[in-house]
Amino acid sequence: MSDAVSVITSKRDGHELSTAQIDWVVDAFTHGRVADEQMSALAMAILWRGMSRAELSAWTSAMIASGSRMDFSTLSKPTVDKHSTGGVGDKITLPLAPVVAACGAAVPQLSGRGLGHTGGTLDKLESIPGWRADLSADEIHSILADPAVGAVVCAAGADLAPADKRLYALRDVTGTVESIPLIASSIMSKKIAEGTGALVLDVKVGAGAFMKNIDDARELASAMVDLGADAGVRTIALLTAMDSPLGLTAGNALEVEESLEVLAGGGPADVVELTVTLARTMLVAAGIEGVDPADALADGSAMDRWRAMVAAQGGDPTAALPVAKESLTVTAERSGVVSGLDALSVGRAAWRLGAGRERQGEPVQAAAGVRLHAKPGDRVAVGQPVATLYTDTPEKFDYATEAISDAWTIGDSPFEASALVLGRVGDQ
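Going by what an unreviewed UniProt entry lists, the chain is known as Thymidine phosphorylase and is assigned to Rhodococcoides kyotonense. What UniProt records for the chain under Sequence similarities (unreviewed entry) is the sentence "Belongs to the thymidine/pyrimidine-nucleoside phosphorylase family." The heading Subunit (unreviewed entry) in the UniProt record of the chain holds the text "Homodimer."

Next comes the structure, spelled out in structure tokens:
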């Protein structure tokens, strides 16, 4: 028999928790027998002391066991999902899910909402008239089984790893969000409980990402790949750059619009590159060979899947997207070549314009955000537009401009582009 204080002090003093201790404390926390302040203390002890692979695997299994698991074993197609650790302009899920579905996989994409400067996939899709994020397990299964659809992007059910949801709320207000073991278990408990057969992780690195340096990103990726392997889920992680925003938009409807450009065979080169790279990796993880996702973009089959996916979730794929009531142009303060564009500054500006939220549950503006006109490598002249800001509440412009005004680094030297994909972990 365990008790909360002994578990907390054991981890505080650097000891490895047993599977029995972990199972007890997670179950007791789920059912209210361990107080929030006690779980917060344990989270801080884990932040300081870390976890062994055995502890982390047991902790993740206990988080999964706190709720239900989805089962897609009756589907005729292999299932594969993608998770991104979040960035600015990261609309990749929107074109990616239909692309991979068009190539023969079933894609159960359980996504989240934005908080702070990182956007949420569900917020973006909810800018489409009629589209809904909350689906029953039967609805999800039916959409995935439909040969004309095969992909779903929706909210995770309340009974999927509920212990993690409670713990995350505590971590957010106790300074323990940064714990790599707790980040890894939070992501992987939901993805494993989701029931996907294979998983590709997009671990962002850089100024606009949660992980600012490659070493921390690789540590997180390795922990998650190990958890996937322990659970029998084929897992591959790509480390990708997030110093500058992805694409030319940050916002909700703005990013849907840009995703549609990609699905139509155009769009920004970096968004297309990452979409195709992740799609190829997902197909490898799912065991699907001889299909090139670039062809699905070129021949229109990915766009067909997008329209079917949106319609299956109540949305109107032909409806006009919301447009902001007000806009403001930001101009270059000098002439030269853009050598840097700070993703965090752009993300903060979009958030301040109303595209994001400060607290869970707050509404967002569908049409608010930033459209970029100059990115690294572009030559600009003083006074030339480098971005347009959009919002329905023009009083937000000053606050947003303050965030974005110094985002561009403009110099005189030639620009050398860096790689978008920085590394890979797992399934080598």
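*Asks:* Sorry if this is basic, but what is going on with the overall build of the chain here?
*Replies:* A tally of helices and strands in the chain yields 16 helices and 13 strands. Overall, the chain is about 70 × 45 × 40 Å in size when its C-alpha atoms are taken along their principal axes. Across the 428 residues of the chain, 54% fall into the buried class. Here the contacts in the chain between residues at least 6 apart in sequence split such that 79% fall between residues at least 24 apart. For the chain, the accessible surface area stands at approximately 17,100 Å², while carbon and sulfur atoms represent 51% of it. Separation of charge centres in the chain, based on 35 positive and 55 negative side chains, amounts to 1 Å.

*Asks:* Can you help me understand the packing of aromatic side chains in this one?
*Replies:* Tallied over the full model, the rule gives zero aromatic pairs. Directly above the ring of Phe29 sits Arg166, whose terminal nitrogen or CZ lies 4.1 Å from the centroid. Here the guanidinium or amino end of Arg352 rests over the ring plane of Tyr399, the centre of that ring lying 3.8 Å away.

*Asks:* Please explain the domain arrangement of the chain as it appears in this structure.
*Replies:* The parts lose accessible area when they come together, and the size of an interface is often stated as this lost area. By domain assignment, the chain separates into domain 1 (4-49), domain 2 (80-319) and domain 3 (326-411). One C-alpha centre belongs to domain 1, the other to domain 3; they are set 43 Å apart.

*Asks:* Explain the sheet that holds strand 6 (residues 249-251) here, please?
*Replies:* As a general point, the strands of a sheet are linked pairwise by backbone hydrogen bonds and lie either parallel or antiparallel. Taken together, four strands build an open sheet; the order of strands is 6-9-11-7 and the sheet is antiparallel. Edge positions in the open sheet fall to strand 6 and strand 7 (326-331), since each of these has one partner strand only. The mean angle between the axes of side-by-side strands here comes to 15°, regardless of whether they run parallel or antiparallel. As judged from the six bridges shared by strand 7 and strand 11 (residues 385-391), these two strands associate in the antiparallel manner. Bridge pairing links Thr331 to Pro385 in strand 11. On top of the sheet, helix 11 (residues 253-263) reaches strand 6, strand 9 (369-372) and strand 11; it is set at about 140° to strand 6, its chief contact. Sitting on the sheet, helix 16 (residues 397-404) touches strand 7, strand 9 and strand 11, and the angle it makes with strand 11 is about 145°.

*Asks:* Please clarify how the sheet that holds strand 8 (residues 336-341) should be interpreted in this entry.
*Replies:* Spatially, 10-8-12 is the arrangement adopted by the three strands of the open sheet, whose pairing is antiparallel. At either margin of the open sheet sits one strand with a lone partner, and together these are strand 10 (379-380) and strand 12 (408-411). As paired elements, strand 8 and strand 10 share two bridges and run antiparallel to each other. Looking across to strand 10, one finds that Val337 is bridged to Arg379.

*Asks:* Would you explain the UniProt feature "domain: Pyrimidine nucleoside phosphorylase C-terminal" (unreviewed entry) in the chain in this entry?
*Replies:* Under the UniProt annotation, "domain: Pyrimidine nucleoside phosphorylase C-terminal" (unreviewed entry) lies at residues 337-411. Within the segment residues 337-411, helix and strand shares are 28% and 29% respectively, and the terminal C-alpha atoms sit 5 Å apart.

*Asks:* Honestly, the packing of helix 11 against helix 14 (residues 301-312) in this entry has me stumped. Any pointers?
*Replies:* In a packed pair of helices, the relevant descriptors are the angle between the two axes and the axis-to-axis distance. Look at helix 11 against helix 14: their axes get within 9 Å of each other, and the N-to-C directions meet at 140°. Here helix 14 runs oblique to helix 11, going by the angle between their axes. Counted together, Val256, Leu260 and Leu263 of helix 11 and Ala302, Met303 and Trp306 of helix 14 form the full contact between these two elements. Taken together, the residues that form the contact of helix 11 with helix 14 break down as six nonpolar, no polar and no charged.

*Asks:* How should the layout of surface pockets be read in this particular structure?
*Replies:* Gaps left between atoms show up when a probe the size of a water molecule is rolled over them. One number sums up the size of the second largest pocket: a volume of about 520 Å³. In terms of lining residues, the second largest pocket is bounded by 21 residues, among which Ala241, Ser244, Pro376, Phe415 and Ser418 are the most central. Mapped by element, the contributors of at least two residues to the lining of the second largest pocket are helix 12 (269-286) and strand 8. Ranked by the residues each element gives to the lining of the second largest pocket, the list is headed by strand 8, at three residues. Taken together, the residues of the lining of the second largest pocket sort by class into 13 nonpolar, four polar and four charged. In this structure, the lining of the second largest pocket is formed jointly by two domains, domain 2 (80-319) and domain 3 (326-411), each of which donates at least three residues.

*Asks:* Help me out: how do you make sense of the nonpolar core in this one?
*Replies:* In globular proteins that are soluble, nonpolar side chains generally tend to be buried together. Formed by 136 residues in total, the largest nonpolar core has its most connected members in Trp59, Trp306, Val370 and Trp408. Top element by residues in this core is helix 12. It accounts for nine residues. Apart from residues lying up to four places away in sequence, Trp59 is in contact with Ile22, Val25, Val26, Met39, Leu42, Ile46, Met51, Leu167, Leu182 and Ser185.

*Asks:* In this structure, what is going on with the environment of Gly267? I would like to understand it.
*Replies:* Relative to the helices and strands, Gly267 resides in the loop between helix 11 and helix 12. For Gly267, a relative accessible area of 36% puts it in the partly exposed group. With 145 residues separating them along the chain, Gly267 and Asp412 place their C-alpha atoms 28 Å apart.

*Asks:* Would you explain the pairing of strand 1 (residues 80-84) in this entry?
*Replies:* One face of the sheet, then the other: side chains in a regular strand alternate in exactly this way. Counting buried residues in strand 1 gives four out of five residues, a clear majority hidden from the surface. Pairing of strand 1 with strand 4 (residues 198-205), which is carried by five bridges, proceeds in the parallel orientation. Opposite Lys82, over in strand 4, you have Val200 as the bridge partner.

*Asks:* Explain helix 2 (residues 19-30) here, please?
*Replies:* In an α-helix, one turn spans 3.6 residues; hence positions three or four apart end up facing the same way. Compared with an ideal rise of 1.5 Å per residue, which puts twelve residues at 16 Å, helix 2 spans 16 Å between its outermost C-alpha atoms and is within 8% of the ideal. Those residues of helix 2 not exposed but buried are Gln21, Ile22, Trp24, Val25, Val26, Ala28 and Phe29. Buried residues along helix 2 sit in contact with helix 1 (4-12), helix 3 (36-49), helix 4 (53-65) and helix 8 (162-174). Gly32, located one to two residues past helix 2, shows a positive phi value of around 80°.

Rules used in this analysis
Residues numbered from 1 in each chain as written. Predicted model: local features only at pLDDT ≥ 70, side-chain atom pairs only at ≥ 80, totals over all residues. Heavy atoms only, no water. UniProt positions renumbered as here; feature names shortened; annotations may be inferred. Helix = DSSP H or I, 4+ residues; strand = E, 2+ residues; numbered from the N terminus. Buried < 20%, exposed > 50% of the residue type's maximum accessible area, 1.4 Å probe, protein only. Contact = heavy atoms within 4.5 Å. Areas by Shrake-Rupley, 256 points an atom, 1.4 Å probe, with all protein chains shown as cover. Lys, Arg positive; Asp, Glu negative; His and termini not counted. Charge placed at Lys NZ, Arg CZ, Asp CG, Glu CD. Phe/Tyr/Trp six-rings, centres within 6.5 Å; stacked < 30°, edge-to-face > 60°. Lys NZ or Arg CZ within 6 Å of the ring centre and 35° of its normal. Domains from an automatic or database assignment. Pairing = 2+ DSSP bridges. Axes fitted to C-alpha atoms, helices over the stretch in contact; angles between N-to-C directions. Parallel < 35°, antiparallel > 145°, perpendicular 65-115°, else oblique. Nonpolar A, V, L, I, M, F, W, Y, C, P; charged D, E, K, R; others polar. 1 Å grid on protein atoms, 1.4 Å probe; cavity = no way out; pocket = protein on both sides within 12 Å on 5 of 7 lines; lining within 4 Å. Points joined across faces, edges and corners; volume = space filled by probe spheres on them. Core = buried A, V, L, I, M, F, W, Y, C linked by side-chain atoms within 4.5 Å. Expected span 1.5 Å × (residues − 1).

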